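In case you want the letters, here they are:
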Amino acid sequence: MSIEAAASFSLSQSDNPSSCIYEFGVYNGASLRKIKSIWSTSARPLSGVYGFDSFEGCPLEKKDQVSAQIWKEKFLDVREEWNNESSENVAQALKEEIKNEDFPLEFIIGFYEDSLTDELIESHKMGIAALVNLDCDQYTSTLQALDFLFRNHLIAQNTVIRYDDWNCGLIYNNDINFIPRKKLPLSCFEEYKSGQSRAHWEVFQRYNATASRIFHDPPLQARKGAAVFLVTSIDE
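From a predicted model like this one, the values you see are computed outputs, not experimental measurements.

Right, let's talk about the pattern of salt bridges for a bit. A side chain of one charge can pair with a side chain of the opposite charge when the charged atoms of the two come close. Taken as a whole and assessed by the stated rule, the structure comprises 10 salt bridges. Arginine 33 is the partner of glutamate 97 in a salt bridge, and the nearest nitrogen-oxygen pair spans 2.9 Å. With glutamate 97 in helix H4 (residues 87-98) and arginine 33 in helix H2 (residues 30-39), this residue pair connects regions lying 64 residues apart in the sequence. Under the relative-accessibility criterion, glutamate 97 is labelled partly exposed at 47%. Residue arginine 206 pairs with aspartate 147 through a salt bridge whose shortest N-O separation is 2.8 Å. Of this pair, arginine 206 sits in helix H8 (residues 195-206) while aspartate 147 sits in helix H7 (residues 139-151), placing them 59 residues apart in sequence. With a relative accessible area of 47%, arginine 206 lands in the partly exposed category. Through salt bridges with shared partners, a single network forms among Asp118, Asp147, Arg151 and Arg206.

One pass over the full model with this rule turns up 2 cavities of 30 Å³ or more. What the second largest cavity holds in volume is close to 30 Å³. Taken together, Val66, Ser67, Ile70, Trp71, Asp137, Asp165, Cys168, Gly169, Gly195 and Gln196 form the lining of the second largest cavity. Broken down by secondary-structure element, the contributors of at least two residues to the lining of the second largest cavity are helix H3 (65-70) and H8. Looking at which element gives the most residues to the lining of the second largest cavity, the answer is H3, with 3 residues.

Spatial ordering of the open sheet is given by S3-S2-S1-S4-S5-S9-S8, a layout of 7 strands whose pairing is mixed. This sheet does not close on itself; its edge strands, each paired only once, are strand S3 (105-109) and strand S8 (209-216). Pairs of neighbouring strands in the sheet enclose a mean axial angle of 20 degrees, with direction left out of account. Pairing between S8 and strand S9 (residues 227-234): 7 bridges, direction antiparallel. Note that in S9 the partner of phenylalanine 215 across the bridge is valine 228.

With their axes 9 Å apart at the nearest point, helix H1 (residues 3-13) and H2 run at an angle of 40 degrees to one another. What the angle tells us is that H1 and H2 run oblique. The handedness of the crossing between H1 and H2 comes out as right-handed. Residues Ile3, Glu4, Ala7, Ser8, Ser10 and Leu11 of H1 form the contact with H2, whose participating residues are Ser31, Lys34, Ile35, Ile38 and Trp39.

Quick reminder: α-helices carry 3.6 residues per turn. Residues three or four places apart thus point the same way. Given a rise of 1.5 Å per residue, 12 residues ought to cover 16 Å, and the 17 Å separating the end C-alpha atoms of H8 matches this to within 8%. Burial in H8 covers these residues: Gly195, Gln196, Ser197, Ala199, His200, Val203 and Phe204. Check the buried side of H8 and you find it contacts H3, strand S4 (129-134), H7, strand S5 (160-163), S8 and S9.

How each quantity is defined
- Residues numbered from 1 in each chain as written.
- Predicted model: local features only at pLDDT ≥ 70, side-chain atom pairs only at ≥ 80, totals over all residues.
- Heavy atoms only, no water.
- Salt bridge = Lys/Arg side-chain N within 4 Å of Asp/Glu carboxyl O.
- Helix = DSSP H or I, 4+ residues; strand = E, 2+ residues; numbered from the N terminus.
- Buried < 20%, exposed > 50% of the residue type's maximum accessible area, 1.4 Å probe, protein only.
- 1 Å grid on protein atoms, 1.4 Å probe; cavity = no way out; pocket = protein on both sides within 12 Å on 5 of 7 lines; lining within 4 Å.
- Points joined across faces, edges and corners; volume = space filled by probe spheres on them.
- Pairing = 2+ DSSP bridges.
- Axes fitted to C-alpha atoms, helices over the stretch in contact; angles between N-to-C directions.
- Parallel < 35°, antiparallel > 145°, perpendicular 65-115°, else oblique.
- Left-handed = near helix turned anticlockwise from the far one by under 90°.
- Contact = heavy atoms within 4.5 Å.
- Expected span 1.5 Å × (residues − 1).

Interpretation note: all reported values are geometric properties and have no functional meaning in isolation.
Written out as structure tokens, the structure reads:
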């Protein structure tokens, strides 16, 4: 499911008249622009849009072998597209380009182990998420992002969560080194053992939450394939 379709679906699901959008993994802002284009057609106000990124590429993945193989340290360092400007300058330029009165965008810069502090909730007036776009690729980054959202009660029933790289964590025939290069059915793969699917499983178990899968790209190759979930319950 494209980010545009996920954004449209979130508009139809959330009962909260004033909601927030969270994106983990901003890169060059392409997804945020697409989300903005969808929400600009709605009369529903946004109380906040938050993008989380180091703008320095992927951190070193230490806890998941599959993620570590695919998402190398410093991969997708967006500063290379900006003549090696600082992370702060890149974030400011993107903010000036994307933000407007109806799309109140703020960036939280840094690697998640340092930047995802509970103090952000009050200082940035963060509220319940209508849509979460997890484009942070790795197991650990996805785990940190989800835990931040759940422990601060930013996820609620009808929150839509999109995992941009869900298929990167699928294990074929119990071989963590196998990267498929042709279309294979989902039944050939194990989910929840690595990557974003593993992070999803662990955090939803931790917070006793449930979600319905509303879309899943067929696994074509390790670096492609999103999955989208609608949160159905959380045991507070």
